[in-house]
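Chain and residue survey
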Amino acid sequence: MIVKIKQIHSNVKQQYDIESDNFYFKGVLGNLSRLQTITMSGADTVIKGTYKISPWYNYIPLLHLFGITEKVRNFLLYKNENFCGSVMLLKQGIYKSCYRMELSDGKTFCFYCRSKGSFNYVSVYYDNIQIALIETYLCVTDFKYTHKLYICDSFSAFADFLSFFVLYYAGFTFTKRFHMQVGSTYAKSWSVSRYNSKYDEKWREKNFPDDNFFGKTSLSVDKEKI
């Protein structure tokens, strides 16, 4: 499955179109802060993420030197008002951070980030096996970013939660609030991480050989039903 997540408003509003062949959602981030509620609204599904302050000791500098993982950026997840899990950033050491999503059904996904040239990549793992990839093009117009989420068919049932993660991650990583810039921005970036090996540059080519970031994706969802 391929999901395209396109930012349609920037600056004073942070809104997204999220679409695949199977669903269509509207995504909204907080206008004032990255800690505001994140909402994904579809025809019969609403997924929300609300910020929860982590225990005070997670903010102690260099906590990892004592063998303790810092757990920050914690959002609680709700699907149609029912609690269904959480997502957070784990700081495990110098240049050693990843995100983790824990669902109430017992599924746990880990997200490893890497920037390389004009793209940012997030490799998604379940039980130490890569099951998805998020690609973000760093060259943008009016700071409206476009993301593509590639998911193995066996995990397509979790496409809504993985799409939510893209919004959550974008809110902390890419979103520009109250910017004054109009026009195109061209950027390149290279990240340093002890998890760089988690990014397999051949994964998308092996699993989605007929698509690339700029390739056309068939999207047939009727937006008028939303």
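Check the entry above for the structure.
Residues numbered from 1 in each chain as written. Predicted model: local features only at pLDDT ≥ 70, side-chain atom pairs only at ≥ 80, totals over all residues. Heavy atoms only, no water.

All right, on to the overall build of the protein then. Within the protein one finds 2 helices and 15 strands. Compactness check: the protein gives a C-alpha radius of gyration of 17 Å against a globular reference of 17 Å for 226 residues, within 12% of the reference. Counting only C-alpha atoms and orienting by the principal axes, one finds that the protein spans roughly 50 × 40 × 40 Å. Looking at the protein residue by residue over its 226 residues, the buried ones come to 49%. The long-range fraction of contacts in the protein, counting pairs at least 24 apart against all pairs at least 6 apart in sequence, stands at 52%. Of the roughly 11,600 Å² of accessible surface on the protein, 51% is carried by carbon and sulfur atoms. Distance between charge centres in the protein, computed from 29 positive and 20 negative side chains, equals 8 Å. (Helix = DSSP H or I, 4+ residues; strand = E, 2+ residues; numbered from the N terminus. Rg over C-alpha atoms; globule rule 2.2 N^0.38 Å. Buried < 20%, exposed > 50% of the residue type's maximum accessible area, 1.4 Å probe, protein only. Contact = heavy atoms within 4.5 Å. Areas by Shrake-Rupley, 256 points an atom, 1.4 Å probe, with all protein chains shown as cover. Lys, Arg positive; Asp, Glu negative; His and termini not counted. Charge placed at Lys NZ, Arg CZ, Asp CG, Glu CD.)

Our focus in this paragraph is the pattern of salt bridges. Inspection of every chain in the model, using the stated rule, returns 8 salt bridges. One salt bridge connects Asp 160 with Lys 79, and the closest N-O pair in it is separated by 2.8 Å. Taken together, the residues Asp 160 in helix H1 (residues 159–173) and Lys 79 in strand S6 (residues 70–79) connect sequence positions 81 residues apart. (Salt bridge = Lys/Arg side-chain N within 4 Å of Asp/Glu carboxyl O.)

The computed volume of the largest pocket comes to approximately 400 Å³. Taken together, 22 residues make up the lining of the largest pocket; nearest its centre are Cys 113, Ser 115, Asn 120, Tyr 169 and Ser 191. Broken down by secondary-structure element, the contributors of at least two residues to the lining of the largest pocket are strand S8 (96–103), strand S9 (108–117) and H1. In the lining of the largest pocket, the residues fall into 13 nonpolar, 7 polar and 2 charged. (1 Å grid on protein atoms, 1.4 Å probe; cavity = no way out; pocket = protein on both sides within 12 Å on 5 of 7 lines; lining within 4 Å. Points joined across faces, edges and corners; volume = space filled by probe spheres on them. Nonpolar A, V, L, I, M, F, W, Y, C, P; charged D, E, K, R; others polar.)

Turning to the pairing of strand S2 (residues 15–19), a few remarks are in order. Most of S2 sits out of view: 4 of its 5 residues are buried. Strand direction decides the pairing type here: strand S1 (residues 2–9) and S2, joined by 5 bridges, are antiparallel. Its bridge partner being in S2, Lys 4 is matched across the sheet by Glu 19. Here 5 bridges tie S2 to strand S3 (residues 24–28), and the two strands are oriented antiparallel to one another. (Pairing = 2+ DSSP bridges.)

Okay, a nonpolar patch on the surface next. On the surface, a cluster of nonpolar side chains totalling about 440 Å² of accessible area is made up of Leu 62, Leu 65, Phe 66 and Ile 68. Mapped onto the secondary structure, Phe 66 falls in the loop between strand S5 (46–51) and S6. (Patch = residues over 30% accessible without salt bridge, like charges linked within 9 Å, V, L, I, M, F, W, Y side chains within 5 Å.)

The buried fraction of strand S13 (residues 146–151) amounts to 5 of the 6 residues, a majority that puts the element mostly inside the structure. Pairing between S1 and S13: 5 bridges, direction antiparallel. Counterpart to Ile 5 in the pairing with S13 is His 147.

Time to look at the environment of Phe 66. On the basis of relative accessibility, which here comes to 65%, the residue Phe 66 falls in the exposed class. Separated by 35 residues in sequence, Phe 66 and Met 101 place their C-alpha atoms 24 Å apart.

The phi torsion at Arg 73 lies on the positive side, around 55 degrees, for a residue other than glycine. Locating Arg 73 in the fold gives a position in strand S6.

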